[in-house]
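Fold and contact review
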Amino acid sequence: MAQKIAFFDIDGTLLSFRTHSMPHTTQVALQELRNNGVLIYVASGRALFQVPSFLRNGQGDFEGFDGFLCNSGQVCLDERGIFRMTAVDPEAVRLITEEALKGGFDIVYMTADRAFTPRHGPLVTAAEEHANVKFDEDVPEAAYTRPVYQLNAFIAPEDEHLITDVTDKVKLVRWTEDFADVIPADGGKDQGVWAVLDHYGIDRKDAYAFGDGGNDASMLAAVGNGVAMGNADHRAKDVANVITTSVDDAGIYRACVHLGLIDDVLHMCEEDRCIMVIKDGKNK
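Residues numbered from 1 in each chain as written. Predicted model: local features only at pLDDT ≥ 70, side-chain atom pairs only at ≥ 80, totals over all residues. Heavy atoms only, no water.

**Some words on the packing of helix 1 (residues 24-35) against helix 9 (residues 251-258)**
Packing of helix 1 against helix 9 leaves a shortest axis separation of 7 Å and a crossing angle of 35°. Residues Thr25, Thr26, Val28, Ala29 and Leu33 of helix 1 form the contact with helix 9, whose participating residues are Ile252, Tyr253 and Cys256. The residue inventory of the contact of helix 1 with helix 9, partitioned by class, reads 6 nonpolar, 2 polar and no charged. (Axes fitted to C-alpha atoms, helices over the stretch in contact; angles between N-to-C directions. Helix = DSSP H or I, 4+ residues; strand = E, 2+ residues; numbered from the N terminus. Contact = heavy atoms within 4.5 Å. Nonpolar A, V, L, I, M, F, W, Y, C, P; charged D, E, K, R; others polar.)

Set out below in structure tokens:
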């Protein structure tokens, strides 16, 4: 049997925005995937140090993940080490910083071991609360002395040109209307997925991905089986093969049962599969 792999976004997919925890049904689904020989990967905009310890190391019956696709695909690693690491062009970081200071929008820098901002504006603070993370505060120049793998620009969609006008070395992918992830022009979760598939020699048709944000859209389109959560952004739903229920309504578990990846060990899906919206792959 061909090796299968499943990628999971964190915020709004593995973890509930309401409780900031992983539903029991998700934990069961992940462990069943492992029991069935399916590789499981975190695929997040977070840096590795921001991934909760119970996702990195396991908890209870859940043994943890086989690997991590971090910083929106710029850093990929498994137990053997890092096999993809792509930083934002240093000059682009400088130009974007200058534009942020001039244009008045806030920015967060993501390095391998830090996430920091020159200023805790209201949108930055709201993002911390929404995702249950914390950003240090430091001078912009601190981003000039080490590789930056991703930036978060707290800028309205109509103002994104303020960044793309000063550099063509980056692209923007948006999780919410409040901010966009700024990543290398040749980066993204899709690039990370392809690096992982190549790393293991797995065919795209045997790859599954679960996400909820606009920044997950490229990942859902890159695999053979893209699953958008019921609480997902329209950009994720538009490219998904399957739209499941929300993270708080056993969305991952229901989708894994429907896709034949796990058995219905919790006996939840006999009568309510109609809750899931199944899209024809041609509409992807």
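**Digging into the sheet that holds strand 9 (residues 150-154)**
The mixed open sheet is built from 6 strands, whose spatial order is 8-7-6-9-11-10. For this open sheet the edge positions go to strand 8 (136-137) and strand 10 (170-174), each flanked by a neighbour on one side alone. Where strand 7 (residues 115-117) and strand 8 come together, 2 bridges link them in parallel fashion. Paired with Phe116 across the bridge in strand 8 is Asp136. In this fold helix 3 (residues 90-103) packs onto strand 6 (106-110), strand 9, strand 10 and strand 11 (180-184), with an angle of close to 155° to the strand it touches most, strand 6. Across the sheet, helix 4 (residues 122-131) touches strand 6, strand 7 and strand 9, and the angle it forms with strand 9 is around 120°. (Pairing = 2+ DSSP bridges.)

**Quick word on unusual backbone geometry**
Of note, the phi angle at Ala250 is positive, near 60°, even though the residue is not glycine. Its place among the elements puts Ala250 in the loop between strand 14 (242-243) and helix 9. According to the relative accessible area criterion, Ala250 is buried, its value standing at 5%. At His267, a residue that is not glycine, the phi angle is positive and equals roughly 55°. Here His267 is to be found in the loop between helix 9 and strand 15 (277-278). (Buried < 20%, exposed > 50% of the residue type's maximum accessible area, 1.4 Å probe, protein only.)

**Considerations on the pattern of salt bridges**
Enumeration according to the criterion identifies 18 salt bridges in this entry. In this structure, Asp206 and Lys205 form a salt bridge, with 3.3 Å as the shortest nitrogen-oxygen distance. When its relative accessible area of 7% is taken as the criterion, Asp206 is described as buried. Taking relative accessible area as the criterion, Lys205 reaches 55% and is therefore assigned exposed. Residues joined by salt bridges that share partners form a network here, namely Lys4, Lys205 and Asp206. (Salt bridge = Lys/Arg side-chain N within 4 Å of Asp/Glu carboxyl O.)

**Topic: the packing of aromatic side chains**
A complete count under the given rule lists 8 aromatic pairs for this structure. Both rings, one in Phe8 and one in Phe210, keep their centres 4.6 Å apart while their planes meet at 15°; by these two values the pair is stacked. Taken as a pair, Phe8 in strand 1 (residues 5-8) and Phe210 in strand 12 (residues 207-211) lie far apart in primary sequence, 202 residues in all. For the residue pair Phe8 and Phe210, the accessibility class agrees, reading buried in each case. With 5.0 Å between their ring centres and 40° between their planes, Phe154 and Phe179 make a pair best called tilted. Here Phe179 lies in the loop between strand 10 and strand 11 and Phe154 lies in strand 9, a separation of 25 residues in the sequence. When the ring centre of Tyr144 is taken as origin, the NZ or CZ atom of Arg94, which lies over that ring, is 4.1 Å away. In this structure, Arg114 is placed above the aromatic ring of Phe116, and the distance from its NZ or CZ to the ring centre is 4.4 Å. (Phe/Tyr/Trp six-rings, centres within 6.5 Å; stacked < 30°, edge-to-face > 60°. Lys NZ or Arg CZ within 6 Å of the ring centre and 35° of its normal.)

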